[in-house]
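Now for the letters of each chain:
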Amino acid sequence: MCGIDQKLTVGDRYSIVEKADGREIDHYGEYTAIDPPHSLAFWLEVPVHFEGRTDIVVSFLTTSEGCEMNFVQTGVDASVVEKNWRTMFQNLAGVPLRM
């Protein structure tokens with residue numbers, strides 16, 4: 001990551017600049033629903049990776065073993081984005097949790 005510019009309130013926009021393969025890739029969008037600690041919804045555009053806008057909803061459910069995350073993305077073919085999301089989530093699995 002090169003930088004993140006965000007304000008976490010519904011209707012506010014965010015921008016994330018990623019540095020990959022010697023180039024900067026801009027990710028931007030807007031938060032459409034925020035319900036901590038249950039869910040987060042937003043739309044996203046990443047012109048380098050796909051055309052148009054995609055909508056994402058991430059929700060969390062407490063389970064007997066901890067927490068389960070549900071991720072739903074619409075508006076872009078899964079074959080275009082799934083590998084990148086899986087890599088990101090696998091990287092997060094190694095991050096220590098704060099309780």
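Residues numbered from 1 in each chain as written. Predicted model: local features only at pLDDT ≥ 70, side-chain atom pairs only at ≥ 80, totals over all residues. Heavy atoms only, no water.

(A) Focus on the pairing of strand 3 (residues 23–35). Both strand 2 (residues 13–20) and strand 3 contribute to a ladder of eight bridges, which runs antiparallel. Across the sheet, the residue bridging to Arg13 is Glu30, located in strand 3. Hairpin connection from strand 2 to strand 3: two residues lie between these consecutive antiparallel strands, with Asp21 at a positive phi of about 55 degrees. Bridge count between strand 3 and strand 4 (residues 39–45): seven bridges; the pairing is antiparallel. Paired with Tyr31 across the bridge in strand 4 is Phe42. Connecting strand 3 to the next strand, strand 4, in antiparallel fashion are three residues. (Pairing = 2+ DSSP bridges. Helix = DSSP H or I, 4+ residues; strand = E, 2+ residues; numbered from the N terminus.)

(B) Quick look at the pattern of salt bridges. Enumeration according to the criterion identifies two salt bridges in this entry. A salt bridge links Arg53 to Asp55, with the nearest nitrogen and oxygen atoms 3.5 Å apart. When its relative accessible area of 43% is taken as the criterion, Arg53 is described as partly exposed. (Salt bridge = Lys/Arg side-chain N within 4 Å of Asp/Glu carboxyl O. Buried < 20%, exposed > 50% of the residue type's maximum accessible area, 1.4 Å probe, protein only.)

(C) Layout of the side chain of His27. Inspection of the secondary structure assignment puts His27 in strand 3. Looking at His27, its side chain comes within polar contact range of the side chain of Glu18, at 3.2 Å. For His27, the residues in contact, after removing those within four places along its chain, are Tyr14, Ser15, Ile16, Glu18, Leu44, Glu45, Val46 and His49. (Polar contact = N/O pair within 3.5 Å; in protein donor to acceptor, adjacent residues only side chain to side chain. Contact = heavy atoms within 4.5 Å.)

(D) Quick look at unusual backbone geometry. Between Pro36 and Pro37 the backbone carries a cis peptide bond, its omega angle lying at -5 degrees. Inspection of the secondary structure puts Pro37 in the loop between strand 3 and strand 4. Even without a glycine there, the phi angle at Asp21 is positive, about 55 degrees. Among the secondary structure elements, Asp21 is positioned in the loop between strand 2 and strand 3.

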